[in-house]
Amino acid sequence: MSMENKEVDILSVTEKEELSSLVNKFSGIVKENVGEERGQRLLAELRDHYNANITLHDSKGLCRPIQMLKTAITFAEMVDPDPDILSAIALYPLVEDGTLHGEDLAKEWGEDIVSMIDGILNVRRYSGRNSAHNQEHFRGLMLGLAHDIRVIIIMIIQNLVLMRSINLHPDEEWVRNVAFEANCLYAQLAHRLGLYKIKGELEDLSLKYTNREIYTQIAHKLNETKQQREAYIQAFIKPLKENLEKAGIKFEIKGRTKSISSIWNKMKKQKVDLPGIYDLFAIRVIIDTPLENEKAQCWLAYSILADMYTANPARMRDWITIPKSNGYESLHATVMGPESKWVEVQFRTQRMDLVAEKGLAAHWRYKGVKGDSTDQWMNNIRDILETAEAGPMQLMKNLKSDSFGDEVFAFTPKGDLFRLSSGATVLDFAFHIHTNVGAHCTGAIVNGAHKRLNYKICNGDTVEIQTSATQQPRQEWLNMVTTSKARNKIRQSLNEEKQRLANLGKEELLRRAKNRKIDLDEGMLMRMVKKQGYKFILDFYAEIGAGKLDAGRFLNQYVDATTKSGEGETTKISAETFQIQRQESESHEDVLVIGEQSINGLSYKFAKCCSPIYGDDVFGFISSDGAVKIHKSNCPNARHIKERYPYRIIRANWSGKTGQMLSASLKVIGNDDIGIVANITSIISKEPNVNLRNISIDSHDGYFQGYLVIGITEQRQLTALIKKIMTVTGVRDVTRI
């Protein structure tokens, strides 16, 4: 396949030589796996494309056809030589450049390849958009956009090829960003799919590009000791092999040194240098035995090892007797080998090794990486891989990323990525960012176009929320949102607004009633409110506060209703001439003058907040239940009552009649002396018409503080009692509360 090109974008001699070699290699893979006829058509399509007026290098100077061919070849070598996947990898650049179009592509190559190409292009659109900092969400976005796990594997391989190609690239900042993304995103995806070799290489390359000094130091030290380590591993394995063979166990042994990135992580975690790494050497014994003999054979092999070397019981891991929840099975032991070096040995059968190596167990969880909502989906993929006989990629053709079918992912203009439920609207997105943003949202600019509040977010949308200080949540917003957070916040705002309007409405109704000298009976009011269709009084007052119900018109209806009810003449009295029917009370003689004159039978109560007694300066407050509450003029609540409800204040004076015993509270402070409390109670008991109803004493650091509730008839008597208590030795202060 000749790759001659235009003057503006030509290949270097080195690139031509590399491309020629790759073309020959790719041609052999295509002919073997795609088929002779279809393979020739694919190669011809590529030849025509790259001989046309097509840009051969990307913005970073990398040769596009070389990158494509390396991706296809690497996929075939490391994962699976699936013909449709190889075709999709080769053809997607043609679609990206506009050489091939969907309809023509579907007719020529089939819907399966078109679907994969669409997924590749969707994911590539958002690659590099701050993905490393939003790796959990960006994984979800990738899976949602790709719709096919094969596309995700292609992107992982493509990233591996890119990482292999950017060593010593002049744009160091870009290289670091690519390396960071590879480590945080693609290496983690590879780990979850069981592509451990790829995962390890990505992590090593990422360390190389982000911390070249550390990478070089470790690599140099490993290279210096390579022969020594290999000799050590062979020396460790040799006697173990002999003893295993004597026991009649069929097996193979693999020895290895951990990857550079793994060594660096252990050095940081254990805070040691390279020679101090706890388990730098790892040996794996893979036993060939039937299923029914697996456990016995693994334990037999372990016992042979334990007889040879001293085992560290703290590092023993038995996942054969009780496998991990993800299906991982293996028996791990760490022993002190020759030269006092720790060596980790893993015993597993061929079946167990296949499960672990091919990603059928969630090995990433075993390593302690935090999982997300892809877990179950990844496990399903592993189940498919486990039963694959005709090639795992063939069985994945119809596997879609259903786990993310109920979620969408969208960006802010700054590149932050958010995950929302499927069907989420602009309003959901606004409330997801912040409650205040949602409450004042008027719309959004989505991908450069203005959208309304009910626009449904699509995967990959860039959403810029528009707000206004005058915007407030509305009832109809509840029909626009799908997330519980947005719905709850809207309801909360609506309830707060309703309460505010209800307060305004109630004040307006009472003010109108006062001006017209109409006394509102609460029972009658509630009957009329329900008759007009309001389930709650709050809704009624809110309608008045919002201006939807006229308070004056309602009062006209109230007057008409009370007149027709046969309850006598319409009540039109002010607070100054307020009267109610006689109710039974503790005393048959009135001790108060309420209003303009003394009227027998007025229903009044003494407020508990200030407990007035005869002789106190008092006033009356008409409560909602129709009774008059009597407060002291210096009551703590007096100012609030008079400011907020001036029209419900009524004059009150003592009539001159005494006899009703009322409660008064006193606070006494003094020295905590023996007998002082007895002296105080003795004075109270000697007073005529005075009762001690309750007493509580608290002493601390030589002082006492007492609270007395006194039954007394008038204020002058209370004043005299306070003076007598003050004469008790040790009493420092007596105040009425």
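Residues numbered from 1 in each chain as written. Predicted model: local features only at pLDDT ≥ 70, side-chain atom pairs only at ≥ 80, totals over all residues. Heavy atoms only, no water.

**What about the overall build of the protein chain?**
Part 1: For the protein chain, the count of helices and strands is 27 helices and 21 strands.
Part 2: Taken over 737 residues, the protein chain has a buried fraction of 46%.
Part 3: Taking the contacts inside the protein chain whose residues are at least 6 apart along the sequence as the reference set, 67% of them involve residues at least 24 apart.
Part 4: Element-wise, carbon and sulfur atoms account for 47% of the exposed surface of the protein chain, whose accessible area totals about 37600 Å². (Helix = DSSP H or I, 4+ residues; strand = E, 2+ residues; numbered from the N terminus. Buried < 20%, exposed > 50% of the residue type's maximum accessible area, 1.4 Å probe, protein only. Contact = heavy atoms within 4.5 Å. Areas by Shrake-Rupley, 256 points an atom, 1.4 Å probe, with all protein chains shown as cover.)

**Overview of the nonpolar core**
Part 1: Ranked by size, the top nonpolar core spans 69 residues in total, and within it Phe26, Leu91, Ile156, Met163 and Leu202 carry the most contacts.
Part 2: Dropping the residues within four chain positions of it, Phe26 is found in contact with Leu42, Leu43, Leu46, Leu69, Ala72, Ile73 and Ala90. (Core = buried A, V, L, I, M, F, W, Y, C linked by side-chain atoms within 4.5 Å.)

**Some words on the pairing of strand S15 (residues 628-632)**
Part 1: Most of S15 sits inside the fold, with four of its five residues counted as buried.
Part 2: Relative to S15, strand S13 (residues 604-606) runs parallel, the two being bridged by three bridges. Bridge assignment links Tyr604 to a residue of S15, and that residue is Val628.
Part 3: With five bridges connecting them, strand S14 (residues 618-622) and S15 associate as antiparallel partners. (Pairing = 2+ DSSP bridges.)

**Things to note about the sheet that holds strand S10 (residues 449-451)**
Strand pairing within a sheet occurs via backbone hydrogen bonds; the two strands may be parallel or antiparallel.
Part 1: The antiparallel open sheet is built from three strands, whose spatial order is S10-S9-S11. Looking at which strands have only one partner, the edges of the open sheet turn out to be S10 and strand S11 (463-467). If you compare each strand with its neighbour and ignore which way they point, the axes differ by 30° on average.
Part 2: Bridge count for strand S9 (residues 441-446) against S11 is five bridges, and the pairing is antiparallel. Bridge pairing links Ala444 to Ile465 in S11. (Axes fitted to C-alpha atoms, helices over the stretch in contact; angles between N-to-C directions.)

**Observations concerning the packing of helix H19 (residues 426-433) against helix H21 (residues 484-515)**
Part 1: With their axes 9 Å apart at the nearest point, H19 and H21 run at an angle of 80° to one another. For the element pair H19 / H21, the angle class is roughly perpendicular. Side by side, H19 and H21 meet where Leu427, Asp428, Phe431 and His432 of the first sit next to Lys485, Ala486, Lys489 and Ile490 of the second.
Part 2: Tallied by class, residues from the contact of H19 with H21 come to four nonpolar, one polar and three charged. (Parallel < 35°, antiparallel > 145°, perpendicular 65-115°, else oblique. Nonpolar A, V, L, I, M, F, W, Y, C, P; charged D, E, K, R; others polar.)

**Section: the packing of helix H11 (residues 212-224) against helix H13 (residues 260-270)**
Two measures define how a pair of helices packs: the angle their axes make with one another and the distance between the axes.
Part 1: Relative orientation of the contacting elements H11 and H13 amounts to 105°, with a least axis distance of 10 Å. Classed by the angle they form, the pair H11 and H13 counts as roughly perpendicular. Residues Ile214, Tyr215, Ile218, Ala219 and Leu222 of H11 touch H13, and the partners they reach there are Ile260, Ile263, Trp264 and Met267.
Part 2: Split by residue class, the contact of H11 with H13 holds nine nonpolar, no polar and no charged.

**Thoughts on a nonpolar patch on the surface**
Part 1: Residues Leu692, Ile695 and Ile697 make up a contiguous nonpolar surface patch of about 210 Å² in total accessible area.
Part 2: Of note, Ile695 is situated in strand S19 (residues 691-700).
Part 3: A relative accessible area of 33% places Ile695 in the partly exposed class. (Patch = residues over 30% accessible without salt bridge, like charges linked within 9 Å, V, L, I, M, F, W, Y side chains within 5 Å. Salt bridge = Lys/Arg side-chain N within 4 Å of Asp/Glu carboxyl O.)

**Description of the side chain of Asp428**
Part 1: The residue Asp428 is located in helix H19 in this model.
Part 2: Among residues more than four places away in sequence, those in contact with Asp428 are Leu420, Met480, Val481, Thr482, Thr483 and Ala486.

**Focus on the environment of Ala314**
Part 1: For Ala314, the position within the fold is in the loop between strand S3 (310-311) and strand S4 (317-318).
Part 2: C-alpha of Ala314 to C-alpha of Thr334: the two residues are 20 residues apart in sequence and 8.8 Å apart in space.

**Quick word on the sheet that holds S19**
Part 1: Across the sheet, which stays open at both edges, the four strands sit in the order S19-S20-S18-S21 with antiparallel pairing between neighbours. Two strands in the sheet have a free side with no partner beyond their single neighbour: S19 and strand S21 (731-736). On average, adjacent strands in this sheet sit at an angle of 15° to one another, irrespective of strand direction.
Part 2: Relative to strand S20 (residues 703-712), S19 runs antiparallel, the two being bridged by nine bridges. Its bridge partner lying in S20, Ser696 is registered against Tyr707.
Part 3: Strand contacts of helix H27 (residues 715-726): strand S18 (662-671), S20 and S21, with the helix running at about 165° to S21, the strand carrying the most contacts.

**Considerations on the side chain of Gln717**
Part 1: Its place among the elements puts Gln717 in helix H27.
Part 2: The class of Gln717 is buried, set by a relative accessible area of 15%.
Part 3: Only 2.6 Å separates the side chain of Gln717 from the backbone oxygen of Pro688, close enough to count as a polar contact.
Part 4: Apart from the residues lying within four places of it in its own chain, the contact partners of Gln717 are Pro688, Asn689, Val690 and Ile712. (Polar contact = N/O pair within 3.5 Å; in protein donor to acceptor, adjacent residues only side chain to side chain.)

**Comments concerning helix H3 (residues 64-78)**
Part 1: Spanning 15 residues, H3 covers 21 Å between terminal C-alpha atoms, matching the ideal 21 Å at 1.5 Å per step.
Part 2: Here H3 lies mainly inside the structure; 12 of its 15 residues are buried.
Part 3: Among all positions of H3, only Arg64, Pro65, Ile66, Gln67, Met68, Leu69, Thr71, Ala72, Ile73, Thr74, Phe75 and Ala76 are buried. (Expected span 1.5 Å × (residues − 1).)

**Looking at the packing of aromatic side chains**
Part 1: The final tally for this structure, using the stated rule, is six aromatic pairs.
Part 2: Between Trp299 and Tyr302 the ring centres are 5.7 Å apart and the planes differ by 90°, which places this aromatic pair in the edge-to-face class. Remark: Tyr302 and Trp299 occur in helix H14 (residues 294-308); sequence separation between them is three residues, near one turn of the helix.
Part 3: Here Trp299 falls in the partly exposed class, since its relative accessible area comes to 31%.
Part 4: Consider the rings of Phe418 and Phe429, whose centres lie 5.8 Å apart with planes at 90°: the pair is edge-to-face. Pair noted here: Phe418 is in strand S8 (residues 417-421) and Phe429 is in helix H19, with a separation of 11 residues, a long-range link.
Part 5: Here Phe429 falls in the buried class, since its relative accessible area comes to 0%.
Part 6: By the ring-pair criterion, three or more aromatic residues cluster together here, those being Tyr534, Phe540, Tyr541 and Phe554.
Part 7: Over the ring of Trp109 we find Arg41, and its NZ or CZ is 4.9 Å from the ring centre.
Part 8: Above the plane of the ring of Phe619 lies Lys642, whose end atom (NZ or CZ) is 4.7 Å from the centre. (Phe/Tyr/Trp six-rings, centres within 6.5 Å; stacked < 30°, edge-to-face > 60°. Lys NZ or Arg CZ within 6 Å of the ring centre and 35° of its normal.)

**Points about the pattern of salt bridges**
Part 1: Per the counting criterion, the structure on display carries 23 salt bridges.
Part 2: Measuring nitrogen to oxygen at the nearest pair gives 2.5 Å for the salt bridge that ties Arg41 to Glu108. Residue Arg41 is found in helix H2 (residues 36-51), and its partner Glu108 is found in helix H5 (residues 102-109); the two are separated by 67 residues along the sequence.
Part 3: The class for Glu108 is partly exposed, based on a relative accessible area of 38%.

**Side note on H11**
Part 1: Between its first and last C-alpha atoms H11 spans 18 Å; for 13 residues at 1.5 Å apiece the expected length is 18 Å, and the two agree.
Part 2: By the burial criterion, the buried members of H11 are Ile214, Tyr215, Ile218 and Leu222. All buried residues of H11 lie within an arc of 100° about the axis, which places them on one face of the element. Among the exposed residues of H11, those pointing more than 90 degrees away from its buried face are Glu213, Asn223 and Glu224. (Arc of directions from axis to C-beta.)

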